[in-house]
Amino acid sequence: MHVFTSISSNYLPKARVLCRSVKAHVPAAQFHVLLCDAVPAELDLASENFDSLITIDELPIDNRQAWIFQHEVVELCTAVKGLGFQEIFRRHDADKVVFLDPDIVVFSDLDLIESKLDEHSILVTPHQTEPESSRGAIVDHEVSSLKFGVFNLGFLAVRNSPEGHRFVGWWSDRLRDFCFDDRDKGLFTDQKWIDLAPAFFPDLGIVRDTQVNVSTWNINQREITGDLAGGIGVDGKPLCFYHFSGLDSGAMKVMADVYGAAAPVVEELRTWYVKECETMGQAQLGGRPCQYDLYSDGGRVRPAQRLIYRYREELQSLFPDPYDCSAQGGYRGWYRQHYGEADALSEEAEVVHVMRRELDDIHQSISWRVFRRIAAAYRRIGARVGLQRVLRRLSHLS
């Protein structure tokens, strides 16, 4: 079995915790890190538990810099997951490959996963395995699954079979062009695509065992007992792996306080995990910006700059490396020339400024169709910065 995760450098501490847990409980497994970032100076592979490091530069990506620039960091780390499967199959002729999010920890063996991969070419886990009964839980869990995907892609396992390769090829192709957090179009990075997979791939297995991929979105439906010292059980079976999703944002604690009150061990797990990440370098690496969030001169890439570049395809031809500021400022120089010093504004002011400018230039520079796509994408930013109503009015003008 080969296990891998996909990260930017700030998630290296979490990847170390995950790797150590895999090596402890599945000692024969090989563990690989797919790094979508510059290799940190602090990373000495000789002293790490990782069996290999795969960088994004080693993956077969056309127009690499232009493609990377279109993705925010989370989008980028998920967009390469299909390529990661293909690369590990190619390099190692691996029989079975498992992806785990970096914020997962394995607490017992993965025999269950290995045995199910003998029966199926693809394994996925749903966020929920039982219907919710309360209105609050329906909204928090079932409605969220409708928005973000039925299956949690913190876990995915694929066997080296014709059906496994057919699945990974299809998924990789979709992620190449459509791995965006663009909920107006029904997209949520790599995850929503897997809603289609049971219809397309008959050899797909759904892992409903409750000790797998335990997290705040299902702890209210599972009896979680024990403690770290004596072992944690889920519905009478050893916990297989826990997903610490939402730790950094604080969402994990908020949801655990609501849905994990009957299981004190959930808070014990959270506290333990924070300490483990600190031991692995969270203070040094946790706040580090990704290389692909920065221009060549160190300036930060703004969301508005990514979106304009993503949806105006002529810019991708004009500036094949949008990070490069050396020739007359490159793409960022063009952006400032076209929009003024918009990136000196606050994020919300920049959104309004850029959209007004696009409205002014609509007949000269881009089609109404492209404008509608940009406006839809900006509504997502608007929701985050409190400008949803302004952006909705702008988009209606299209």
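So, how was this worked out
- Residues numbered from 1 in each chain as written.
- Predicted model: local features only at pLDDT ≥ 70, side-chain atom pairs only at ≥ 80, totals over all residues.
- Heavy atoms only, no water.
- Pairing = 2+ DSSP bridges.
- Helix = DSSP H or I, 4+ residues; strand = E, 2+ residues; numbered from the N terminus.
- Phe/Tyr/Trp six-rings, centres within 6.5 Å; stacked < 30°, edge-to-face > 60°.
- Buried < 20%, exposed > 50% of the residue type's maximum accessible area, 1.4 Å probe, protein only.
- Lys NZ or Arg CZ within 6 Å of the ring centre and 35° of its normal.
- Axes fitted to C-alpha atoms, helices over the stretch in contact; angles between N-to-C directions.

A few points about the pairing of strand 12 (residues 231-234)
- In this structure, strand 11 (residues 224-227) lies alongside strand 12, joined through four bridges in antiparallel fashion. Each residue of the ladder has a partner; that of Gly 226, found in strand 12, is Ile 232.
- With antiparallel pairing between neighbouring strands as the criterion, strand 11 and strand 12 make up a hairpin whose turn holds three residues.
- For strand 12 and strand 13 (residues 237-238), the ladder comprises two bridges, and the chain directions are antiparallel. Note on strand 13: the bridge partner recorded for Gly 233 is Pro 238.
- As consecutive antiparallel partners, strand 12 and strand 13 are separated by two residues, and within that stretch Asp 235 has a phi angle of approximately 50°, a positive value.

Quick look at the packing of aromatic side chains
- Evaluation of the coordinates by the stated rule reveals 28 aromatic pairs.
- Relative to Phe 99, the ring of Phe 4 lies with its centre 5.1 Å away and its plane at 70°, an arrangement referred to as edge-to-face. Of the two residues, Phe 4 sits in strand 1 (residues 2-7) while Phe 99 sits in strand 4 (residues 96-100), which places them 95 residues apart along the sequence. You'll find Phe 4 and Phe 99 in the same group, each marked buried.
- Feature note: the residues Phe 69, Tyr 292, Tyr 295, Tyr 309, Phe 319, Tyr 323, Tyr 331, Trp 334, Tyr 335 and Tyr 339 constitute an aromatic cluster, connected by ring pairs.
- When the ring centre of Phe 180 is taken as origin, the NZ or CZ atom of Arg 310, which lies over that ring, is 3.8 Å away.

Notes on the sheet that holds strand 2 (residues 30-35)
- Spatially, 3-2-1-4-7-6-10 is the arrangement adopted by the seven strands of the open sheet, whose pairing is mixed. Edge positions in the sheet fall to strand 3 (52-55) and strand 10 (204-206), since each of these pairs with one other strand and no more. Going across the sheet, the axis of each strand differs from the next one's by a mean of 20°, ignoring polarity.
- Inspection of the sheet shows strand 6 (residues 122-124) paired to strand 7 (residues 155-159) by two bridges, in the antiparallel sense.

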